[in-house]
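Take a look at the letters that make up each chain.
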Amino acid sequence: MTSPSAPVPAPADATPAVPRIAVIDLWKAFRGKEVLRGVNLEVTAGESFVILGGSGAGKSVLLKHLIGLIQPDRGHVVVDGEDLTCAEPAVCLQIRRKFGMSFQEGALFDSMNVFENVAFPLRRHTRMTEAEIADRVHECLQLVNLDGIGRKATNELSGGMRRRVGFARAIALQPEILLFDEPNTGLDPLTSAVIDEVIIGMRDRLPVTMVTITHDMRSAFRIADRIAMLRDGRILAVAQPEEFRQLPDPYIQGFLAGEPLEEEVA
Ligand SMILES: Nc1ncnc2c1ncn2[C@@H]1O[C@H](COP(=O)(O)OP(=O)(O)OP(=O)(O)O)[C@@H](O)[C@H]1O
Ligand SMILES: [Mg+2]
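Residues numbered from 1 in each chain as written. Chains lettered and ligands numbered in written order. Predicted model: local features only at pLDDT ≥ 70, side-chain atom pairs only at ≥ 80, totals over all residues. Heavy atoms only, no water.

## Comments concerning the sheet that holds strand S6 (residues 99-102)
Strand pairing in a sheet takes place through backbone hydrogen bonds and is either antiparallel or parallel in direction. As summarised here, the arrangement of the 6 strands in space is S6-S7-S8-S3-S9-S10, forming an open sheet in which the pairing is mixed. Strand pairing shows two members of the sheet lacking a second neighbour, S6 and strand S10 (234-239), which therefore form its edges. Taking each pair of neighbouring strands and ignoring which way they run, the sheet shows an average axis angle of 20 degrees. Sheet topology places strand S9 (residues 226-231) next to S10; 5 bridges connect them, and they run antiparallel. Opposite methionine 229, over in S10, you have alanine 237 as the bridge partner. Helix-sheet contacts for helix H5 (residues 159-171) involve S6 and strand S7 (177-181), and the interaxial angle to S6 is about 170 degrees. Of the strands in this sheet, strand S3 (48-52), S7 and strand S8 (209-214) are in contact with helix H6 (residues 189-205), which crosses S8 at around 160 degrees. (Pairing = 2+ DSSP bridges. Helix = DSSP H or I, 4+ residues; strand = E, 2+ residues; numbered from the N terminus. Axes fitted to C-alpha atoms, helices over the stretch in contact; angles between N-to-C directions. Contact = heavy atoms within 4.5 Å.)

## Describing the packing of aromatic side chains
Inspection of the entire model under this criterion finds 4 aromatic pairs. Residues phenylalanine 167 and phenylalanine 180 carry aromatic rings whose centres are separated by 4.8 Å and whose planes lie at 70 degrees to one another, so their mutual orientation is edge-to-face. Residue phenylalanine 167 is found in helix H5, and its partner phenylalanine 180 is found in strand S7; the two are separated by 13 residues along the sequence. With a relative accessible area of 0%, phenylalanine 167 lands in the buried category. Taking the relative accessible area as the measure of exposure, phenylalanine 180 reaches 1% and is therefore buried. Judged by centre distance (5.9 Å) and plane angle (50 degrees), the rings of tyrosine 251 and phenylalanine 255 are tilted. Note that tyrosine 251 and phenylalanine 255 are positioned in helix H9 (residues 250-256) at a spacing of 4 residues, about one turn of the helix. (Phe/Tyr/Trp six-rings, centres within 6.5 Å; stacked < 30°, edge-to-face > 60°. Buried < 20%, exposed > 50% of the residue type's maximum accessible area, 1.4 Å probe, protein only.)

## A few points about unusual backbone geometry
Even without being a glycine, asparagine 145 presents a positive backbone phi close to 55 degrees. Within the secondary structure layout, asparagine 145 lies in the loop between helix H4 (130-143) and H5. With a phi close to 50 degrees, aspartate 232 is a non-glycine residue in the positive phi region.

## Some remarks on the site of ligand 1
Ligand 1 sits among 15 residues. The nearest are Gly56, Gly58, Lys59, Ser60 and Val61. Interatomic distance of 2.8 Å between a side-chain N/O atom of lysine 59 and an oxygen atom of ligand 1. Alone, ligand 1 offers 630 Å² of accessible surface; in the complex the protein occludes 66% of this. Of all the secondary-structure elements, those providing two or more residues to the shell around ligand 1 are strand S2 (33-44) and helix H1 (59-66). When residues in the shell around ligand 1 are grouped by element, the largest group, 3 residues, is from H1. When its residues are assigned to classes, the shell around ligand 1 shows 4 nonpolar, 7 polar and 4 charged. (Near = heavy atom within 4 Å. Polar contact = N/O pair within 3.5 Å; in protein donor to acceptor, adjacent residues only side chain to side chain. Areas by Shrake-Rupley, 256 points an atom, 1.4 Å probe, with all protein chains shown as cover. Nonpolar A, V, L, I, M, F, W, Y, C, P; charged D, E, K, R; others polar.)

## Let's talk about the nonpolar core
The biggest cluster of nonpolar side chains holds 47 residues, and the ones touching the most others in it are Leu52, Val118, Val165, Phe167, Ile199, Met202 and Phe244. For this core, the element with the most residues is H5, which contributes 6 residues. Each residue touching methionine 202, except ones within four places of it in the same chain, is listed here: Leu143, Val144, Phe167, Ile171, Phe180, Val208 and Met210. (Core = buried A, V, L, I, M, F, W, Y, C linked by side-chain atoms within 4.5 Å.)

## Quick look at the sheet that holds S2
With antiparallel pairing, 4 strands are arranged side by side in an open sheet as S2-S1-S4-S5. The strands lining the two open edges of the sheet, one partner per strand, are S2 and strand S5 (82-83). Looking at chain direction, strand S4 (residues 74-79) and S5 are connected through 2 bridges and run antiparallel. When the sheet's bridge partners are listed, valine 78 is paired in S5 with aspartate 83. H1 contacts strand S1 (19-30), S2 and S4 of the sheet and is inclined by roughly 125 degrees relative to S1.

Now the structure itself:
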């Protein structure tokens, strides 16, 4: 077990990995209720980092801090050496452009078909021509194994397909860091496994760093290079999957056994 802020061990002859994302003593309360209580973690370039935690543990709140959508009461989020928590708005915007995010509910625009959903960030943030946009949308849909469904309306899609369209939209601008909020929630086990395969495929084929938050243990073990456990507003442990299984902490063992101990009460 490594301490939450310890870097991933590097091969002996390599220079130590510089974290892409460092979260340092992050605190956040809403109306007096402390949600994050001193979170520390580091995400290394190119890894698939998974944050596990029970419902209401503060996973989405933490993820939104990583991209600057929520400001902490205290502490820092440092991305590639730039402190997102005290950066100028223009710098913040620049840092944010490194990220692609897939939100918990997919957040597709139901007034647009699949193609337009994926094209949306390209139209908004680039000056690409229609032909370039069409190529890029095609590429992104291919990456999530949804080639050829561009003309479909979003309400014709299954839950798993909606998620994948959300992923395609999140990668449209070629982000360097991808954030996934509960990519498997509400999906049956088979569809959930397909989603994990798509995530693994993206990790293997794209030069990205990934942070996924989930309470789905099976999914975490399929997609993670390292797993962190968030509990009571702090990171309880960070470990590689096999090592994580062996951690003696009763909360983690309960979680692994599918019998979480009494958790956060709202
Ligand atoms: N904008 C907000 N205003 C007030 N309270 C909030 C806000 N956002 C989150 N919270 C509270 O913070 C706590 C953690 O919420 P969060 O959404 O991060 O949980 P979560 O771990 O993502 O849970 P789930 O697995 O259900 O998605 C909850 O008690 C929630 O009500
Ligand atoms: Mg959440």
